[in-house]
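# Report on the structure
Take a look at the letters that make up each chain.
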Amino acid sequence: MENIIETSKREVWLDWARIIACFMVMVVHSTEPFYLGGEGALILTRADAFWASFFDSLVRACVPIFVVISAYLQFPLRYSAGEFFRRRAVRILVPFVLWTVIYAFVWGEPVQNFRDLIFNFNYSAGHLWYVYMLAGLYLLMPLLSPWAERAGKRELQIYIGIWLFTTLIPLIRDWMGGVPEVIYGPSGLPRQALWPLWGEASWNAYGLFYYFSGFIGYMLLGLYLRRFAGEMSWAKSLAIAVPLYAVGFAVSFGGFLRRVFASDGGLFPAEGLVGKAVWWETTWCNDTAGVALMTVAWLIVLRKIGCSCRFYDRVAVPVSKASYGMYLCHLLILAPVCGFFRGLLGVGDAGLLGFWTAPVEILASSVCSFVCVAAVSVALQRIPRIGKYIMG
């Protein structure tokens, strides 16, 4: 009876959005072996370049969707800052610390991993960057909540519009500066030498739009959806979402391929240090126009999903509740699954299915990983008393 009451109060579209975003994460990480490798960047064939760009661009809105959902549910705060941080610590930080420790033992050299964790996440488990970013947004929420409670629709639209302009800045830098020099710091991490814009200089990184850029825009989108977004018919929703998604996809998909061909003159294998892959990924970044447009398109469509049935109650809701834990642990399952299909079907021109090898591997790895990770995560979350501390 308690479960029936609980599910009846849920916003159905949020559960489906979490599940879809989780699957999209699996697709993103199943695509990585087709452009990352060797010394850091490696694309074996023209077909691999096409499919890597196609699938990664297709689902790049996954992390922004998670951020919008979190803001939709948490922003502005409905209780004191202290209570907010206490609840978020149990829900977010405790499982994060647990899985961070697990990754430190499983991948790489444990002693060095734990030393590195003093200052950053374990780079072998690169997806954990997300938790640091999310925690940063949570630190801002108490400061912005008083404004968020009073902000009108027009005012919020203006700020979202300013943020949308900032998503063009990476493309403007690219246009102004051409192929960027990549600088390697003491850690060996690549950083592109950025073309300075609007107040930026070698002595000042905090230009005009610095505080309006990044993931804060997705936080404002979550607020806008909760307070001001009205209901639209399916016809009107698709009439808006499809063009937005098409433009966003074209920017992301075409941008990646253009950089691949520009950096290696159309010759394959295309390879180099990881800095080259960082440049290839420019239009895939979460703070770029293509990803922002696709995120808005996804949200318009996802809000129309209201399918509440037996499958939703028994399968979708438990998977949705375990979605954060799925994100934390999924690479432990996805990595060997990808390796299995790569060994089974081959790679590059020698692949068993030729041009279709890459898409079959990506989809098979994504689906199998998602099913396995969902089953494990739901089971772990249901462990009495400690499940919520393991999976969130």
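These figures come from a predicted structure and were not determined experimentally. (Residues numbered from 1 in each chain as written. Predicted model: local features only at pLDDT ≥ 70, side-chain atom pairs only at ≥ 80, totals over all residues. Heavy atoms only, no water.)

## Quick word on the overall build of the chain
Within the chain, the secondary structure is distributed over 17 helices and 5 strands. Since a compact globule built from 392 residues should have a radius of gyration of about 21 Å, the 21 Å found for the chain is in line with a globular shape. A principal-axis box enclosing the C-alpha atoms of the chain has dimensions of 60 × 50 × 50 Å. When the 392 residues of the chain are sorted by exposure, 47% land in the buried category. Taking the contacts inside the chain whose residues are at least 6 apart along the sequence as the reference set, 81% of them involve residues at least 24 apart. Side chains of the chain give 31 positive and 24 negative charges; the mean places of these two sets differ by 11 Å. (Helix = DSSP H or I, 4+ residues; strand = E, 2+ residues; numbered from the N terminus. Rg over C-alpha atoms; globule rule 2.2 N^0.38 Å. Buried < 20%, exposed > 50% of the residue type's maximum accessible area, 1.4 Å probe, protein only. Contact = heavy atoms within 4.5 Å. Lys, Arg positive; Asp, Glu negative; His and termini not counted. Charge placed at Lys NZ, Arg CZ, Asp CG, Glu CD.)

## Observations regarding the packing of helix 2 (residues 12-31) against helix 16 (residues 357-381)
It is the contact of helix 2 with helix 16, at a shortest axis distance of 9 Å, that shows an interaxial angle of 130 degrees. Here helix 16 runs oblique to helix 2, going by the angle between their axes. Regarding helix 2 and helix 16, the two cross each other, and that crossing is right-handed. Residues I19, C22, F23, M26, V27, S30 and T31 of helix 2 form the contact with helix 16, whose own contacting residues are I362, S365, S366, V367, S369, F370 and V373. (Axes fitted to C-alpha atoms, helices over the stretch in contact; angles between N-to-C directions. Parallel < 35°, antiparallel > 145°, perpendicular 65-115°, else oblique. Left-handed = near helix turned anticlockwise from the far one by under 90°.)

## With respect to the pattern of salt bridges
Evaluated as defined, the whole model comprises 10 salt bridges. One salt bridge in this structure joins D15 and R10, with 2.7 Å as the shortest N-O distance. By relative accessible area, R10 is classed as partly exposed at 22%. (Salt bridge = Lys/Arg side-chain N within 4 Å of Asp/Glu carboxyl O.)

## Re the sheet that holds strand 1 (residues 36-37)
In space, the 3 strands of this open sheet follow the order 1-2-5, with antiparallel pairing throughout. Each having just a single partner strand, strand 1 and strand 5 (270-273) make up the two edges of the open sheet. Sheet analysis places strand 1 next to strand 2 (residues 40-43), joined by 2 bridges and oriented antiparallel. Bridge pairing in strand 2 places G37 opposite G40. (Pairing = 2+ DSSP bridges.)

## So, the pairing of strand 2
Strand residues, when the strand is regular, have side chains that alternate between the two faces of the sheet. Taken together, strand 1 and the strand that follows it, strand 2, pair antiparallel across an intervening segment of 2 residues, in which G38 is found at a positive phi of about 60 degrees. Across 4 bridges, the pairing between strand 2 and strand 5 is antiparallel. Within strand 5, the residue paired with L42 across the bridge is E271.

## Thoughts on unusual backbone geometry
Put simply, F75 and P76 share a cis peptide bond, and its omega is -5 degrees. The residue P76 is located in the loop between helix 4 (62-74) and helix 5 (81-106) in this model. Residues F268 and P269 are joined by a peptide bond in cis, for which omega reads 5 degrees. The residue P269 is located in the loop between helix 11 (234-264) and strand 5 in this model. Its identity as a non-glycine residue notwithstanding, W198 has a phi of 50 degrees, on the positive side. On the accessibility criterion, W198 (40% relative accessible area) is partly exposed. Notably, R385 is not glycine yet its phi reads approximately 70 degrees, a positive angle.

## Quick word on the environment of W147
Along the chain, W147 turns up in helix 7 (residues 129-150). With a relative accessible area of 22%, W147 lands in the partly exposed category. Sequence spacing of W147 and P76 is 71 residues, and the spatial spacing of their C-alpha atoms is 8.7 Å. Beyond its immediate sequence surroundings of up to four residues, W147 is in contact with E155, L156, Y159, L220 and L223.

## A few points about the packing of aromatic side chains
Counting across every chain of the model gives 46 aromatic pairs. Between F54 and F249, the aromatic rings sit 5.8 Å apart at their centres with planes inclined by 80 degrees, giving edge-to-face as the arrangement. Pair noted here: F54 is in helix 3 (residues 46-59) and F249 is in helix 11, with a separation of 195 residues, a long-range link. By relative accessible area, F54 is classed as partly exposed at 25%. Among the residues examined, F249 registers a relative accessible area of 16% and is labelled buried. Where Y159 meets F212, the ring centres are 6.0 Å apart and the plane angle is 15 degrees; that geometry is what we call stacked. With Y159 in helix 8 (residues 153-166) and F212 in the loop between strand 4 (190-192) and helix 10 (216-227), the pair connects residues that are 53 residues apart, well separated along the chain. Connected via pairs of aromatic rings, a cluster forms that spans F50, W51, F54, F55, Y245, F249, F253, W298, F355 and W356. When the ring centre of Y72 is taken as reference, the NZ or CZ atom of R226 above it lies at 5.1 Å. Here the guanidinium or amino end of R342 rests over the ring plane of F34, the centre of that ring lying 4.8 Å away. (Phe/Tyr/Trp six-rings, centres within 6.5 Å; stacked < 30°, edge-to-face > 60°. Lys NZ or Arg CZ within 6 Å of the ring centre and 35° of its normal.)

## Some thoughts on the side chain of S323
Looking at where S323 falls in the secondary structure, it is placed in helix 15 (residues 323-345). Leave out the neighbours within four places in its chain, and S323 touches R18 and C22.

## What to know about the state of the cysteines
On inspection of all chains with the given rule, the structure shows 0 disulfides. No disulfide involves C22; its sulfur sits 9.4 Å from that of C62, the nearest cysteine. C338 takes part in no disulfide bond, and the closest cysteine sulfur to it belongs to C368, at a distance of 9.9 Å. With a relative accessible area of 9%, C338 lands in the buried category. (Disulfide = S-S within 2.5 Å.)

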